[in-house]
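Examination of the molecular architecture
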Amino acid sequence: MTEKLAYGPVPSRRLGQSLGVNNIPPKTCTYACVYCQLGETTQMQFKRDSFYSVEKIYDNVKERVRIAEENGETIDYITFVPDGEPTLDENIGEEIKAVKEFGYKIAVISNSSLIWDDDVKEALYEADWVSFKVDAVDRDIWKKLNRPHKDLDLERILIGIEEFSRNFSGELTTETMLVEGLNDGTESLERIAEKITEINSDISYIAVPTRPPAEDWVNPPHESKINEAYQIFKERGLEVEYLIGYEGNAFAFTGNVEEDLLSITAVHPMREEAVQDFLDRADAEWSAVETLVNEGKLRVAEYQNYKYFLRALPDRQASEDYHPV
């Protein structure tokens, strides 16, 4: 199969129907978050690089837009949300400018780790909607939870987010992923909320793990802690929303069952019921999924009593290029 750098549209809890851009090879990231839905980071780096040409990204998005429009699929955003950290791509600014041609709003979902870099700021100013991860403001918690590249500095990142927020004209959101026993303590929540008040964000999302995480000991906090986080954020005057529900089954079918399933599950694990709904709309049999599993192209994982299907990545050994506390 040829490499696919665009997929969907898929349902997004924040963006409606999102056509994804996978501008980073799997699984290349600045972090090795314990809750990552894509599993362990296999290529840890923080220096930006050129992974694909602007032309290749453009052509892939153009083809996916064409197919989606021909099939009557809704596209609310074209979203850079790849197999790793999207701003590691030194061409992302030019790629955003290029795909704007299709007339859709552009979103970028980032872990915020490189926003201290002025070139990254300039690139993301081109987007219409940007999400930054703010899981912790305490260095020890940050290292345990996000397991960053050894050359990253949390204070530098937080300052970079503040600087970006002062000059960004689009919609800026933050996302805080809560993990039981790591960042769900009252003091931690208060410090996170206080820091977010210094960011000119439109919405602050509180999230919990809803898909199979990289570490099987990861669990969402108790409902009482999630509610406490919400109340603490609201008390600080933040516009806060939960990001804890299932996003639905409205995955797009573009004509090739195997190709679509592998493209979607590369960055967006699908719950079993979503796969069945997808197959029903595609008039395809469950045997197509069984074939992909038997061939080692899909893997199955269970989390919170639900079964998920994920694309199997080539090398799932943990990177050793981070130093958790």
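Residues numbered from 1 in each chain as written. Predicted model: local features only at pLDDT ≥ 70, side-chain atom pairs only at ≥ 80, totals over all residues. Heavy atoms only, no water.

This paragraph deals with the packing of aromatic side chains. Following the criterion strictly, the structure yields eight aromatic pairs and no others. Here the aromatic rings of Tyr230 and Tyr242 are separated by 5.2 Å at their centres, their planes lie at 45°, and the arrangement is tilted. Placement of Tyr230 in helix H7 (residues 223-235) and of Tyr242 in strand S10 (residues 240-243) is noted, with a sequence separation of 12 residues between them. A relative accessible area of 23% means that Tyr230 is categorised as partly exposed. On the accessibility criterion, Tyr242 (35% relative accessible area) is partly exposed. Ring pairing ties together the aromatic residues Tyr125, Phe132, Phe164 and Phe168, which thus form one cluster. One residue, Arg14, lies across the ring of Tyr205, its end atom 5.8 Å from the ring centre. One cation-aromatic arrangement involves Arg271 over Tyr306; the distance from NZ or CZ to the ring centre is 3.8 Å. (Phe/Tyr/Trp six-rings, centres within 6.5 Å; stacked < 30°, edge-to-face > 60°. Helix = DSSP H or I, 4+ residues; strand = E, 2+ residues; numbered from the N terminus. Buried < 20%, exposed > 50% of the residue type's maximum accessible area, 1.4 Å probe, protein only. Lys NZ or Arg CZ within 6 Å of the ring centre and 35° of its normal.)

In this structure the tally under the stated criterion is three cavities of 30 Å³ or more. Roughly 820 Å³ of internal volume is contained in the largest cavity. In this structure, the largest cavity is lined by 39 residues; those nearest its centre are Arg14, Gln37, Val81, Ile109 and Arg211. Mapped onto the lining of the largest cavity, the elements with two or more residues apiece are strand S1 (6-12), strand S6 (105-110), strand S7 (129-133) and strand S8 (171-177). The greatest single-element share of the lining of the largest cavity, amounting to four residues, is contributed by S1. (1 Å grid on protein atoms, 1.4 Å probe; cavity = no way out; pocket = protein on both sides within 12 Å on 5 of 7 lines; lining within 4 Å. Points joined across faces, edges and corners; volume = space filled by probe spheres on them.)

The subject of this paragraph is the nonpolar core. In terms of nonpolar packing, the biggest core is built from 77 residues, with Val61, Ile78, Leu124 and Phe233 touching the most fellow members. Top contributing element to this core by residue count: helix H1 (residues 54-70), with six residues. Among residues more than four places away in sequence, those in contact with Val61 are Ala6, Leu19, Val21, Ile78, Val99 and Phe102. (Core = buried A, V, L, I, M, F, W, Y, C linked by side-chain atoms within 4.5 Å. Contact = heavy atoms within 4.5 Å.)

Glancing now at the confidence of the model for the protein chain. Taken residue by residue, the protein chain gives an average pLDDT of 89. The fraction at 70 or more is 90%. Taken together, the stretch residues 315-325 has pLDDT below 50 and engages in 28 contacts with residues farther than four places along the chain or on a different chain. (pLDDT = per-residue confidence, 0-100.)

The next subject is the sheet that holds S1. Strand order in the open sheet formed by eight strands is S1-S2-S5-S6-S7-S8-S9-S10, with mixed pairing between adjacent strands. The outermost strands of the open sheet, each flanked by one partner alone, are S1 and S10. On average, adjacent strands in this sheet sit at an angle of 25° to one another, irrespective of strand direction. Seen against the sheet, H7 touches S8, strand S9 (203-207) and S10 and runs at an angle of roughly 155° to S10. (Pairing = 2+ DSSP bridges. Axes fitted to C-alpha atoms, helices over the stretch in contact; angles between N-to-C directions.)

The next subject is the pairing of S10. On a regular strand, each side chain points to the face opposite its neighbour's, so the side chains alternate between the two faces of the sheet. Strand direction decides the pairing type here: S9 and S10, joined by four bridges, are parallel. Along S10, the bridge assignment pairs Ala207 with Leu243. Read as a crossover between parallel neighbours, the route from S9 over H7 to S10 is right-handed. (Right-handed = clockwise from strand over helix to strand, strands pointing away.)

With that settled, the discussion passes to the packing of helix H8 (residues 257-265) against helix H10 (residues 287-294). Here H8 crosses H10 at 60°, and the two axes come no closer than 10 Å. On the basis of their axis angle, the class for H8 and H10 is oblique. The crossing of H8 and H10 is right-handed. Contacts between H8 and H10 involve Val257, Glu258, Leu261 and Leu262 from the first element and Ala288, Val289 and Leu292 from the second. Split into classes, the residues belonging to the contact of H8 with H10 amount to six nonpolar, no polar and one charged. (Parallel < 35°, antiparallel > 145°, perpendicular 65-115°, else oblique. Left-handed = near helix turned anticlockwise from the far one by under 90°. Nonpolar A, V, L, I, M, F, W, Y, C, P; charged D, E, K, R; others polar.)

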